[in-house]
Structures are given as C-alpha cells and as structure tokens.
Amino acid sequence: KFSFYISFYELYLGLLYDLLNNRNKLMALEDKNQKVQIYGLTEKLVESPNEMKSIIDFANRVRTTHNTVTNETSSRSHAVCNFIIKTHNHNIEKEYAKLSLVDLAGSERATETQSNDKNRLAEGADINKSLLALKECIRALDARKKGNTDNHVPFRNSKLTLVLRDSFLGNADLCKIIMISCISPSNHSANHTINTLRYSMRLKEKIPIGNHNNNVNTFGKPIGTKKNNIINLTKNKNLSKSPNIKR
C-alpha cells in the first residue's frame, strides 16, 4: 500500500517557515545519520489530485510576496514543495520516493527594483546571497567531479544549500536534479539570460556526486544510466550572435 504526502515551506531571510501550518518556524538539523531533516514540518496526506492542487494554491497564497517595480507579485523567498510517497508494510511506514520542487527566486539588483524600502533591499540581498552560495556549491561539486576530491563544498554557507545538500550528495543512480530556467529574449535582460544559462550549464550533467550502484533495481533501470540531458545548451554556442542578446 502506498500513501501520498505533501509538505511546503519557505526560506525567508535565513529562516524556515511552514506554509501549511500557520507559518510556524522550522529548524534544519542533521540527524544521527548525517541527513538534513526539517524538524516540525507538516506533511499532509493527499488522496486526490484536486486536494493536492488546493494545498499548493493555499501555500502559494501565504508565501511571502511583495510588489516591486519589476513584478507585482515578486517572490521574496525561496520555497520548497515536497511530494513524498510512503509504503506501508506490517504497520511500518517507510519513505519510498520523494520529489522536491524548489523555487529559487530570481536574483535582482537594487537599482532594478528602484525601491528604497529597507525590507525589500534586505530580501533581495538575502536571495542573492543564497544563490551565490548555491553557485559556489555547484562549482565545488564540479571540481570534485574533475578529480579534486579534497575540494570543500560549502553547503553550510546558507540555509538554502543546507536543505538541498542531500539532493546533491544522494545516490547518483537514484537521484536526479533538473533545473528549469526562466529567461528572456529582450536586450534589457541579456545579462540575466546569459548568467542563467551559465548557471544551468554547470548543473545539466554529472550531479549528484554520490556513489553509483549498478545493482539498483527498485525503479527498474537505474536513472543514472540514462543519457538524456534534460537541459541541452550545447547547441547554443552561437548565443552571442543572437540579435536579441548582447554580451
């Protein structure tokens, strides 16, 4: 027997809030197995697609957003939505599979938001700090893949990278990371577009870095043996020649 659960929380100014339980504060701590756990996080049992959609809509409504010059409903936090499938065997419940959808929120410059509100500036600075920390982790993981096994991966530099750590370090045959990038063809957003594509390029393959297990058969063919690249940027070598993007 399988059960389907959903949880939803946000990371706002370095703190975690449960979006399905009155925005209660949460704590990200390591358990005895060195796995990062979100203590106090609510997991709601879901029994239908409509119920799942209703829960997601509710969480999005209570998530922290504010009006800025560039976006009327700008996300002012990172958000993590988890879908968990659990099995039941002799009254023992065990996690079978997990899918995490992470909204990284977009980086922004204070000059672009044209806001003197200290709260908006603090939110933007915190988002940028987290994204920089994630970039450094990706860079360090890439260095490890190239043979520099002593290279330190700074997951503790932000709450965002800490809660995502196990996704990067999980078993490479069972874990898959996909980045969906939002870009714009306009000249005004050229720098953001190029930076986003470069960001995605580092993630598109060879991550996570956990040990491979050639005997895994739980999900049929190991995910790690599939050669399809979800994000294919190799055809964009002539990106700088695009009429809509200037370097």
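Structure: see above.
Residues numbered from 1 in each chain as written. Predicted model: local features only at pLDDT ≥ 70, side-chain atom pairs only at ≥ 80, totals over all residues. Heavy atoms only, no water.

### Remarks on the overall build of the protein chain
Summing up its helical and strand segments, the protein chain has five helices and nine strands in all. Each helix and strand of the protein chain, placed in order from N terminus to C terminus, yields the pattern β-β-β-β-β-α-β-β-β-β-α-α-α-α. Within the protein chain, residue pairs in contact and separated by at least 24 positions form 63% of the contacts whose partners lie at least 6 positions apart. Accessible area for the protein chain stands at about 15,700 Å²; split by element, carbon and sulfur atoms hold 49% of it. (Helix = DSSP H or I, 4+ residues; strand = E, 2+ residues; numbered from the N terminus. Contact = heavy atoms within 4.5 Å. Areas by Shrake-Rupley, 256 points an atom, 1.4 Å probe, with all protein chains shown as cover.)

### Focus: the packing of aromatic side chains
All told, the structure shown has three aromatic pairs when counted by the stated rule. Ring plane angle 70 degrees and centroid distance 5.3 Å describe the contact between F2 and Y96, whose orientation is recorded as edge-to-face. Within this pair, whereas F2 is found in strand β1 (residues 2-12), its partner Y96 is found in strand β9 (residues 92-103), the two being separated by 94 residues in sequence. Judged by relative accessible area, which is 34%, Y96 ranks as partly exposed. With centroids separated by 6.2 Å and ring planes inclined at 40 degrees, the aromatic side chains of F155 and F168 adopt a geometry described as tilted. Within this pair, whereas F155 is found in the loop between α3 (118-145) and α4 (159-169), its partner F168 is found in helix α4, the two being separated by 13 residues in sequence. (Phe/Tyr/Trp six-rings, centres within 6.5 Å; stacked < 30°, edge-to-face > 60°. Buried < 20%, exposed > 50% of the residue type's maximum accessible area, 1.4 Å probe, protein only.)

### What to know about the nonpolar core
Ranked by internal contacts, the top residues of the largest apolar core, which has 28 residues, are Y9, L11, L16, A28, I38, V163 and F168. A total of seven residues in this core trace back to one element, the largest contributor, which is α3. Excluding residues that lie within four positions of it along the chain, A28 makes contacts with L16, V36, Q37, I38, L162 and V163. Of all hydrophobic cores here, the second largest spans 10 residues; its members include F8, V46, I55 and A59. (Core = buried A, V, L, I, M, F, W, Y, C linked by side-chain atoms within 4.5 Å.)

### Here's the deal with a nonpolar patch on the surface
Among the surface-exposed residues, M27, L29 and Y39 lie close enough to one another that they form a single nonpolar patch of about 300 Å² accessible area. Tracing the sequence through the fold places Y39 in strand β4 (residues 36-39). Under the relative-accessibility criterion, Y39 is labelled partly exposed at 41%. (Patch = residues over 30% accessible without salt bridge, like charges linked within 9 Å, V, L, I, M, F, W, Y side chains within 5 Å. Salt bridge = Lys/Arg side-chain N within 4 Å of Asp/Glu carboxyl O.)

### Examining the packing of α3 against helix α5 (residues 190-203)
Across the interface, α3 lies against α5 with an axial gap of 9 Å and an inter-helix angle of 40 degrees. One element, α3, and the other, α5, form an angle in the oblique class. As for the relative orientation of α3 and α5, their crossing is left-handed in sense. Along the contact surface, α3 presents L131, L134, K135, I138, R139 and D142, while α5 presents Y199, R202 and L203. (Axes fitted to C-alpha atoms, helices over the stretch in contact; angles between N-to-C directions. Parallel < 35°, antiparallel > 145°, perpendicular 65-115°, else oblique. Left-handed = near helix turned anticlockwise from the far one by under 90°.)

Function cannot be read off these values alone, since they describe shape.
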